Amino acid sequence: VWTLDITDALCNGKNELKVLVDRQAMQTESPWVCGGCSSEWGFSEGSQPFGIFRPVSLIETDAVRIEPFGVHIWNNAACDSVFIDTEIRNYTQQVQQIELVNKFTLASGKQVFRHAETVSLQAGESRVFHHAEAVANVHRWSLDDPYLYALSTMIKRDGKTTDEMRTPFGIRNIQWPISSPTGDHRFFLNGQPVFINGTCEYEHILGNSHAFTPEQIRSRVKQITNAGFNAFREAHQPHNLLYQQLFDEQGILFWSQFSAHIWYDTPQFRDNFKRLLVRWIK
């Protein structure tokens, strides 16, 4: 119906404004999101498709587990310490005592440090545990040498590992002194200026929309590196997580994006957007 309305509007100038206003009003009822950066009505640059367009897995876990995206690791500016937050939830109806283990290793698998602590969780409790550790002789991640450490986060119950999550991590220092008193506004990676030669990608393909296979994603990333780009921006929604994995492994700067371009504005949309934004950051 909307397509017919737009066609009628383009063929009848005197009714164009009314048709477009009516169509815009209708969008308050629809979960359709537009890129919003084109004056050409009907152009949905940033639109997400409906339905499931990512691989879906059903994973059975222990009743005391690391929450999805529950491991957060970062480093300080000096690149000599790492900080780890681990979110764990007890889904049982009883108090549970567990051992939380964080093991940080080199790419070779050699252990850098291992931290273990015994904690108790009340029935239904969710808690974030914090840990900081110094790291000596750091091998920094860079565009020419995208070195990745590995963090293994484990839950042990009765001496057995009942849950485990592996998190690759590159230690690096990033500076973008846009307010520098010296007037040097360049981007610095590990203290060295880097010229950002980036591109973006819409994760669209004819006949597939956003539903890319791993082979198609690897092909896209190969095209980007072969073209000489060293940075990538998602447009305009978070892409398949395989993109980020490949950029980390191949030394590509990555700017993720969560679009707020809309054709409508309701309290329900605002609340849902904030909720999804928090999950996306995690």
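Residues numbered from 1 in each chain as written. Predicted model: local features only at pLDDT ≥ 70, side-chain atom pairs only at ≥ 80, totals over all residues. Heavy atoms only, no water.

You can see Lys156 is positioned in strand β6 (residues 149-157). Residues Lys156 and Gln97 lie 59 residues apart in sequence; the distance between their C-alpha atoms is 9.3 Å. In this view, Lys156 contacts Ile98, Glu99, Val101, Arg114 and Thr161; residues no more than four positions away in its chain are not counted. At 2.7 Å, the side chain of Lys156 and the side chain of Thr161 are in polar contact. (Helix = DSSP H or I, 4+ residues; strand = E, 2+ residues; numbered from the N terminus. Contact = heavy atoms within 4.5 Å. Polar contact = N/O pair within 3.5 Å; in protein donor to acceptor, adjacent residues only side chain to side chain.)

This part takes up the packing of aromatic side chains. Under the defined criterion, the tally for this structure stands at 10 aromatic pairs. Ring geometry for Phe104 against Tyr149: centres 5.0 Å apart, planes inclined by 15 degrees, an arrangement best described as stacked. Of this pair, Phe104 sits in strand β3 (residues 96-105) while Tyr149 is found in strand β6, placing the two residues 45 residues apart along the sequence. The pair formed by Phe104 and Tyr149 is uniform in burial state, with each residue classed as buried. Geometrically, the ring pair formed by Tyr243 and Phe247 is tilted, given 6.2 Å between the ring centres and 45 degrees between the ring planes. Of this pair, Tyr243 and Phe247 both sit in helix α4 (residues 241-250), four residues apart, which is roughly one turn of that helix. A connected cluster of aromatic rings, assembled from ring pairs, spans Phe104, Phe113, Tyr147 and Tyr149. (Phe/Tyr/Trp six-rings, centres within 6.5 Å; stacked < 30°, edge-to-face > 60°. Buried < 20%, exposed > 50% of the residue type's maximum accessible area, 1.4 Å probe, protein only.)

The next thing to look at is a nonpolar patch on the surface. Residues Trp176, Ile178 and Ile196 make up a contiguous nonpolar surface patch of about 340 Å² in total accessible area. Tracing the sequence through the fold places Ile196 in the loop between β10 (192-193) and β11 (198-201). According to the relative accessible area criterion, Ile196 is partly exposed, its value standing at 33%. (Patch = residues over 30% accessible without salt bridge, like charges linked within 9 Å, V, L, I, M, F, W, Y side chains within 5 Å. Areas by Shrake-Rupley, 256 points an atom, 1.4 Å probe, with all protein chains shown as cover. Salt bridge = Lys/Arg side-chain N within 4 Å of Asp/Glu carboxyl O.)

Within the largest apolar cluster, 22 residues are counted, with the highest numbers of intra-cluster contacts made by Ile73, Val82, Ile88, Ile98, Phe104 and Ile171. If you tally residues by element for this core, the top one is strand β1 (residues 64-75), at four residues. The residues touching Ile98, leaving out its near neighbours within four places in the chain, are Val64, Ile88, Glu117, Thr118, Val119, Leu121, Ile155, Lys156 and Arg157. The next biggest cluster of nonpolar side chains, apart from the first, holds 10 residues, and it includes Ile217, Ile224, Tyr243 and Phe247. (Core = buried A, V, L, I, M, F, W, Y, C linked by side-chain atoms within 4.5 Å.)

Before going further, it helps to examine helix α3 (residues 214-226). In a regular helix each residue adds 1.5 Å, so 13 residues correspond to 18 Å; α3 covers 18 Å between its end C-alpha atoms and thus fits that length. When we look at burial in α3, the residues that qualify are Ile217, Val221 and Ile224. Down the axis, α3 shows its buried residues gathered within 55 degrees of arc, on one side only. In α3, the exposed positions that point more than 90 degrees away from the buried face belong to Glu215, Lys222, Gln223 and Asn226. (Expected span 1.5 Å × (residues − 1). Arc of directions from axis to C-beta.)

Moving on: the sheet that holds β11. Pairing within the open sheet is parallel, and its three strands lie in the order β11-β12-β13. The sheet is open, and its two borders are formed by β11 and β13 (253-255), each paired with just one other strand. For this sheet the average axis-to-axis angle between neighbouring strands, irrespective of direction, equals 25 degrees. Alignment of β11 against strand β12 (residues 231-234), held across four bridges, turns out to be parallel. Note that in β12 the partner of Gly198 across the bridge is Ala231. (Pairing = 2+ DSSP bridges. Axes fitted to C-alpha atoms, helices over the stretch in contact; angles between N-to-C directions.)

The next point concerns the pairing of β1. Alignment of β1 against strand β2 (residues 81-90), held across eight bridges, turns out to be antiparallel. Each bridged residue has a counterpart across the sheet, and for Arg65 the counterpart in β2 is Arg89. Between β1 and β2, which pair antiparallel one after the other, the connecting turn spans five residues, and Cys79 there sits at a positive phi close to 60 degrees.

Let's shift gears to the side chain of Thr92. With respect to the element layout, Thr92 can be found in the loop between β2 and β3. The class of Thr92 is buried, set by a relative accessible area of 13%. There is a polar contact of 2.7 Å between the side chain of Thr92 and the side chain of Asn90. A polar atom in the side chain of Thr92 sits 3.0 Å from the backbone oxygen of Gln94. Among all residues touching Thr92, those that are not within four sequence positions of it are Ala63, Val64, Ala123 and Gly124.

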